[in-house]
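# Observations on chain architecture
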Amino acid sequence: MENRGQKRMEDVEELPADKRACNSQDSRTSTSSGSSAQSHSQEEEANGASSGHENTEDAEMDTSSSDSPSSSHSDDGEQVKEEDSDYGTCYSDDDDDDDDHGEDPRHQELQDVQYGRSSEDQQKLTSLVSRLSEEVDPSLQLIGLTELCEVLSFCTEDSFSTVMADTLSRVLVKLANHESNADIMLLAIRAITYLSDVYPRSVAFLVKHETLPALCQRLLTIEYLDVAEQCLQALEKISKDDPVACLNAGAIKAVLSYIDFFSTSLQRVAVSTVVNICREISSESPSPFMDAVPMLCNLLQYEDRQLVETVAICLTKIADQASQSPEMLNQLCSHQLIHQSIHLLNLNGRTTLSQPVYNGLIGLLRKLSSGSTLAFRTLYELNIGYRLKEIISTYDISHSVSSTHPNNSCSNQVHEVLKLVIELLPSSPVEDNQLALEKESFLVNQPDLLQQFGADMLPVLIQVLKSGANGYVSYGCLSAIHKLTCLSKSADFIGLLKNANILSVLAGILSRKDHHVVVVALQIAEVLLEKYRDAFLNSFIREGVFFAIEALLNSDRGQQNPVSADVSQKPVPEEVVKCSLCQSFERSSSSSSQNCKIEKDSVYILATRIKERFFGPEVFDSQKGLTDVLQNLKHLSAALNDLMNVPVDARALHDEKFFSIWNQIIERLNGKESVSTFEFTESGVVKALTNYLSNGLHQRNFSKGDPECDSLPFVGNRFEVFTRLLWSDGEATPSLLIKKLQNSLSSSENYPIVLSQFLKQRNSFATVPNGRSTSYPILRVRFVKAEGETCLRDYSKDLVTVDPLCYLDAVDHHMWPKVHLKPLDSVEAKDQAMECQSSQLQSTSISCQGEGSSHMEIDGPNASQLQGSQEEDQEQLTDSGEENTSEENNTSSSEEEDALAEEDPLPRLLFRLEGLELDRSLTVYQAILLHKLKSASETTNDSKLSGTHAITYERAPQLAESHETQIPLGSIMDNDEYHPFLSYLFAHRLGLRHIGTNAPAYDILFLLKSLEAMNRYLFHLICHERINAFGEGRLDNLDDLRVEVRPVPYAEFVSSKFTEKLEQQLRDSFALSTCGLPPWFNDLMGSCPFLFSFEVKSKYFRLAAFGSQKVHHHPQHLSSSSSHGEGRQATGSLPRKKFLASRENILESAAKMMELHGNQKVVIEVEYSEEVGTGLGPTLEFYTLVSRAFQNPDLGMWRSDRSSFAGKPKEDSGFLVAPSGLFPRPWSDTSAAFPDVLQRFVLLGTVVAKALHDGRVLDIAFSKAFYKLILGQELSSFDIHFIDPELCKTLVELQVLARRKKVFSESQSDSGAAKCDLSFRGTKIEDLCLEFTLPGYSDYVLTPYSANDMVNLDNLEEYIKAIVNATVYNGIQKQVGAFRSGFNKVFPIEHLEIFNEEEVETLLCGERDLFNMNEVLDHIKFDHGYTSSSPPVQHLLEIVHEFDKEQQRAFLQFVTGCPRLPPGGLASLNPKLTIVRKHGSDSSETDLPSVMTCANYLKLPPYSSKVISLSTSFVNHTLFLFPVYKSRSL
């Protein structure tokens, strides 16, 4: 009885259940695996989704051993389960092949053996039953029961008969009631457990012979703990097959009464029994379960996750059945159920629930609130709004809207929250609805509670609407806001609405094409005007809501039937989807009516009523009613447009006028009367500013010889002036402009999301363009010759299957030989050709399908429309092969056709869909998608692609002139003053096709990119402006050249809406499996990657670079920091290869590894020669050692001086510590050591790429300038600031002297130039005694001068250019090229260009900040005797908090094998850092910690005080004792 469990235990020594009472599932062998597996699966289902998660967490405690593929043991005797994952021992060649026993004679032999064994077991059972029935001697009964348990643990169901089961049940029940011998009772109940497991039909006989009362009695009056434990297991087995009998026997009370006496594992068994019984709960009589509610609510306070989750599932089932009885719901609430549930919803709580259970708890609160006034009142009094706000604010919205189906149980957390919010805001009550009247009366009497609820929920609901949520979530948010607006009567609510900018959001919603959200938005607008007309009438005009309503009335959206809005689709499936939206937030999930609630013309009727009631002619004239702010901004934008007529070379005039116009614009933006998003967008300021700054070049492709490209230097000057004006008062003004642009972009963009929730992944066969099988569905296309086309033959009259991911150029290449008509001279020849063409159509080489076949399987109401099978594809492929043979005899050879197709690389065919030309730069899927979605809603499904597509083709015109290739700016600009900035700005521009589809968004995007480029090159632009100012005499002091402006934080450029949209798209199965994203994603990611967060860019990068198997979505851990970085990525199904490395020759090992596996799609795992252990830990340590080896100054790779490298623990083992990061050392081509340096850079590039591929973290610090070179960006003299700040400062000061001399020489006489001060801080240039050698590298001569030439004022400019050239151009060009070539061996380095320099560093080297002590408890798992409140754990965390950065790095190196955390920090560490109690010698004070780096598993001795922990263990151990524990990977 001492083994009683405790709530909130600090030290929990949990013993397996079989140490006290044998578990049938533990001792049973594979002969009964069928029934056992079935029982186990049922138990997991009863325990909820958490059981699977628990197994995963257990598997995280992995070890590296080559002895056994299944399990391994640590030195402490702890058995750790091993799984095939990214950590632990891995075998790449041990895949098991499935044996086919269909024709194997050994299978028949096995059946015969099994039958014989069953007969033998049956005989043994018969004999044992007979002996036990007659025997009265207790000792002999014990022997018989022991033998019986052994037989039952090995026999199968075939060994039993009903007669034997009946007899055996009667005997066992009798022995279980043996009062004088506890051992007999224990073995008899154990036999009952085995019997009910191996032969489920025996449960009926056990019940008949009064087994249940006996078991319950043993639990209600516990005399022997082991007997009681066995009773729990027996009841759990019986409850699966006969829960009603268990209920009637009082099993619920029996298993819960003394649950605290049992271990955690048996507590789980007890609660599982209650869950099994609850499956048969009846809505008519749920009262028998109510007695268990107090005990179950008490169990919610426990820390064991699986136990709590199972209890939560049980309580949810009880609440479901009691939902029709307010009295029972009130009884549930009286036992603190709501309090405990809200505590579990706390994101900072210690018990982290799995997502389905967490969602179920939210649903439980909704059901309680729906039927109980007490629950409704309690939730308000407990400030449930704050908790719900916290959940939505920290939860990744894209996880809840990845499927447009609202009943997706894995992705509906936000959906459940919204249903609870809507339930807490009752509608106007009906007279006979007493419950609704009571709720409304409560809110009327407690207005402060409603006000607080609205203050918590309204801002976050608005934020969700701004984040690109899909139709279901948007509909739920708007419905909640509508109810909140109707209920609120407080004047403070007006301030909440205005602060949340509700009208701007409504204006954006009204432009959407989903009638459901538009109707609710109109209803909100009507309520606001009815209740708060005076406060909002003017804002309706300023925010553009009135104009959006007018646009509705003037468009088809206001008049068409919403159910059949898409005429290209059949109305039935569309209606089903719409109806699911109507019913998605109803109280009852099963509605009797499936008709759409949106009536025909409801949008038009609502919009007309609002306009007539509130915006009559006497109130507002839409033709003249522009606001003063809007009119003023329009005048300013017109003035900017007029400035374009001023000659481009009149810089002074441009600067003066632009300065005046911009000051007026910014004064208006910062004025007392704020500028609304609508006013800012409609004023034309964005378009005018974009056009002026770029001189109209933002809408053009550059080509050599274009006269407008001569204006590029003037464009650079305009951006320089604009930068100076924008940052004149710090970063506040650019931040304001960025915010305005982000709001305008969110309201004006309409880029669609395509979700394939109806699409099943299956193998298909695409005949076009190259006839191959695909793992994704194909498109059904009919290619039709355009009318009037006489130069081409008909391709096919039937449908063909097309690979959706091939480009139209590939389709062109495939079709051209088959439709091209060779020129013929005579009429007879032409007639023969027509006859030949007709015959070929009967035996076309492209396998075709009839209209009724398809390769797209659709899950949903329109599934019957599409059929087809892979078998038909294969048959057609065979037929195609036969037809090809006949075709070869009638037509020219395929070699001639291929030669014809390759004669001219220009496109020969023009493809159109419904009369519009398809974009050849896209895949077939993207081109059709872009065309189909022009009239679709923002979020749609792929059903638009599941039909048949008729694509016409015709002979293409000569497109050589119209298809201009973009030429690098370096070949256009001779003046390189602004070259890096303009090269970045105009590189990867947004596709010009977006100008026609969404011109406002295009201008906003370009201006945002301009601001981001100015922010990125802020130091360059400001420095250049001050150099010019000094040269022109406007500055005289060299100290004035110092640049102290701060750039805008990069996060301000991130668009939450675009980020959420891409998150949703990346969670789509079709997009992941095919890398097939809508084209606008690729365009924006290439041109404006700053719009997306680092996390979503990381997913996109892995999808583009490695394919879907490397895109890893972290499970949603419901903690205070729920947005995780990528961390160490899951490696999918990639094979693993082991590599034996040598610590003494680490670079040679790295070179050999990259030579063998660098370009292979495998994951490399390292083991060291003469050491035991492999897996994640040694592999991470290998990359750390390689990183440090590359920083050896003797390699000659990096800029350095001998004083800058760290101390030498061993001789010649120092490594460089560059304050600004590592940057390539300039080398001359004639140096003998240069070839070896290039080879090292090739190896470095390959190692870096392979580390990215495998998800490893490097411990190497590159400079920002080197990262820019990796990303393919160009450097300038100002980038030397990120390499050597002092050298850059000196060069800038010398440059201004050269600039001043040049300006005065051009503008004044020689005497005037002589009078100006051209000395360097009082010293003449000649007196500095500067030679034409690279500073710090005397062996590097600055050509074309010699080392003996001295620098003077006349050649100063050439000297500066030579230093810059050697430092960032020619001196390091080949080293960078070598690095990139080595990188490209693994994957194309261009995939990294979507990141900025800081993000690439995070991707390669992980997080800079190692530990955030405020969040560390949320991301550490405590197990096997420790909890977060255990004193040794508290001492450890205090010590780590006191560590300096180097000590923290050492601690991480010791625990994980790597001194850095992955991207995302401790939250992304995978496996999770786990701290357990170490059981060692009797004197734990002298024990040292040990680790398993493969599992991030720290074994901490139970030190009695912090002093002992600090002195004995961690400081000394983590910093100096690493070599002693080289076997820590075990």
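Residues numbered from 1 in each chain as written. Predicted model: local features only at pLDDT ≥ 70, side-chain atom pairs only at ≥ 80, totals over all residues. Heavy atoms only, no water.

### Some points on the pattern of salt bridges
To keep it simple, the criterion reads: When a carboxyl oxygen of Asp or Glu lies within 4 Å of a side-chain nitrogen of Lys or Arg, that pair is called a salt bridge. Elements are defined by DSSP. Helices are runs of H or I of four residues or more, strands are runs of E of two residues or more, and each kind is numbered from the N terminus. Throughout this description, buried means an accessible area under 20% of the type-specific maximum (1.4 Å probe, protein chains only), exposed means over 50%, and partly exposed covers the range between.
If you walk through the whole model with that rule in mind, you get 55 salt bridges. For the salt bridge of Asp1003 with Lys687, the shortest nitrogen-to-oxygen distance reads 3.8 Å. Here Asp1003, found in helix H47 (residues 999-1016), pairs with Lys687, found in helix H37 (residues 685-694); they are 316 residues apart in sequence, far enough to count as distant. Residue Asp1003 is classed as buried on the basis of its relative accessible area, which comes to 6%. Note on Lys687: relative accessible area 47%, which makes it partly exposed. The partner of Glu1012 in a salt bridge is Arg1016, and the shortest N-O contact between them spans 3.1 Å. On the criterion of helical spacing, the pair formed by Glu1012 and Arg1016 is a turn pair, its members being four residues apart in helix H47. On the basis of relative accessibility, which here comes to 3%, the residue Glu1012 falls in the buried class.

### Things to note about unusual backbone geometry
Leaving glycine out, the prevailing phi sign among residues is negative, and the prevailing peptide bond configuration is trans. Cis peptide bonds are those with omega within 30 degrees of zero, and the linkage from Val768 to Pro769 qualifies with 10°. One can find Pro769 in the loop between strand E4 (764-766) and strand E5 (772-774). The amide bond that connects Asn1470 to the next residue, Pro1471, takes the cis arrangement and shows omega of 5°. Topologically, Pro1471 is positioned in the loop between helix H63 (1445-1456) and strand E19 (1473-1477). Positive phi values are uncommon outside glycine, yet Asn383 reaches one of about 60°. Within the element layout of this structure, Asn383 appears in the loop between helix H20 (373-381) and helix H21 (384-394). You can call Asn383 partly exposed: its relative accessible area is 32%. In this structure, Asn501 takes a positive phi of about 55° despite not being glycine. Tracing the backbone shows Asn501 in the loop between helix H27 (492-499) and helix H28 (502-510). Assessed through its relative accessible area of 24%, Asn501 is described here as partly exposed.

### Brief notes about the environment of Leu1436
As for its placement among the helices and strands, Leu1436 is situated in helix H62 (residues 1431-1442). What makes Leu1436 buried here is its relative accessible area of 2%. Put simply, Leu1436 and Leu1500 are 64 residues apart on the chain and 8.9 Å apart in space, counted from C-alpha to C-alpha.

### Considering the pairing of E19
Basically, it comes down to this: Strands are treated as partners if at least two bridges between them are detected by DSSP.
When you tally the buried positions in E19, you get four out of five residues, the bulk of the element. Looking at chain direction, strand E18 (residues 1420-1423) and E19 are connected through four bridges and run parallel. Within E19, the residue paired with Ile1420 across the bridge is Leu1473. The sheet contact formed by E19 and strand E21 (residues 1497-1500) spans four bridges and is parallel. Each bridged residue has a counterpart across the sheet, and for Thr1474 the counterpart in E21 is Tyr1497.

### Considerations on the sheet that holds strand E13 (residues 1136-1141)
The condition is simple: Throughout, a residue-residue contact means that at least one pair of heavy atoms, one from each residue, lies within 4.5 Å. Between N-to-C directions, angles span 0 to 180 degrees; the directions come from axes that are lines fitted to C-alpha atoms, helices contributing only their stretch in contact.
Reading across from one edge, E13-E14-E15 is the order of the three strands in this open sheet, with mixed pairing throughout. Two strands in the sheet have a free side with no partner beyond their single neighbour: E13 and strand E15 (1174-1175). As paired elements, E13 and strand E14 (residues 1163-1168) share six bridges and run parallel to each other. From the neighbouring strand, Arg1136 faces E14, where its bridge partner is Val1163. Across the face of the sheet, helix H54 (residues 1176-1189) comes into contact with E13, E14 and E15 while running at roughly 85° to E14.

### Quick notes on the confidence of the model for the protein
This is how it is decided: For every residue, the predictor reports its confidence as pLDDT, a number between 0 and 100.
Per-residue pLDDT for the protein has a mean of 75; in total, 71% of the residues score no lower than 70. Here strand E8 (residues 848-849) stands out as the element of the protein with the lowest mean pLDDT, 33, in contrast to helix H55 (residues 1234-1254), whose mean of 95 is the highest. Within the model, pLDDT remains below 50 along residues 959-968, and this stretch shows 14 contacts once partners closer than five positions in the same chain are excluded. Predicted confidence is poor over residues 1512-1530, with pLDDT under 50, and the contacts of this stretch with residues over four places away or in other chains come to 62 contacts.

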